[in-house]
Amino acid sequence: MVFQGFDLFPWRTTLGNVEFGLELLETPLSKGERLDRARYYIELVGLRGFEDVYPFQLSGGMQQRVGIARALAIHPEILLMDEPFGALDVQTRDLLQDELLRILDRDKKTALFVTHSIEEAIYLADRIIVFSARPARIQLTLEVPFPRPRTDELKTSPEFLEIRHAIWERLKGQVHD
């Protein structure tokens, strides 16, 4: 699970945070196996060289990368992501979206990704499920027709903007103060 808040342990380094889930596995790994796997995922998310750094010494984007590495390190069948980029600035968010797509494609992982951003949903998803306002009900299920790999240019394509408009039209009547 990757949360909106980074939820890292402040007393643990990057390496220690990524190792945490590995320490709790039902089938224990040796210390060497844990370290090797943690280092692999730290490198995968682009944080090599920051293994011995504490969360307060990392930017928000780097902290979220630690959270993603921690979640991936336990080899989940499904990665649950609850607005993981919601607290980040736009540039970092865009970079991490691309990074996430690269990792999910490379490792053939499935992610259930919750977001309030229509653009983010279209860019990252193969299928979008739109919920209504309270009480939440499935309002629309949409297959995203774009092949992978995806690039930033997709976000300005007429097809992308058409899907964005259709989702927004469905949602905008539900926006309340």
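Structure first, text after, so check above.
Model, not experiment: these values are computed from the prediction.

## Let's talk about the pattern of salt bridges
Enumeration according to the criterion identifies 15 salt bridges in this entry. A salt bridge links R12 to E23, with the shortest nitrogen-to-oxygen separation between them at 2.9 Å. Separated by 11 residues along the polypeptide, R12 in the segment before α1 (14–23) and E23 in helix α1 bring together distant segments of the chain. What makes R12 buried here is its relative accessible area of 19%. Notably, a salt bridge pairs D152 with K155, separated by 3.6 Å at the nearest N-O pair. Residues joined by salt bridges that share partners form a network here, namely D105, D126, R148 and R150.

## Section: the packing of aromatic side chains
For the coordinates displayed, the defined rule picks out five aromatic pairs. Summarising the aromatic geometry, the rings of F146 and F160 are spaced 6.3 Å apart at their centres and angled 25° between planes, so their arrangement reads as stacked. Pair noted here: F146 is in the loop between β4 (138–143) and α6 (158–171) and F160 is in helix α6, with a separation of 14 residues, a long-range link. In this structure, F146 and F160 share a single accessibility class: buried. A network of ring pairs unites the aromatic residues F9, W11 and F20 as a single cluster. Above the plane of the ring of Y123 lies K155, whose end atom (NZ or CZ) is 4.3 Å from the centre.

About the thresholds
Residues numbered from 1 in each chain as written. Predicted model: local features only at pLDDT ≥ 70, side-chain atom pairs only at ≥ 80, totals over all residues. Heavy atoms only, no water. Salt bridge = Lys/Arg side-chain N within 4 Å of Asp/Glu carboxyl O. Helix = DSSP H or I, 4+ residues; strand = E, 2+ residues; numbered from the N terminus. Buried < 20%, exposed > 50% of the residue type's maximum accessible area, 1.4 Å probe, protein only. Phe/Tyr/Trp six-rings, centres within 6.5 Å; stacked < 30°, edge-to-face > 60°. Lys NZ or Arg CZ within 6 Å of the ring centre and 35° of its normal.

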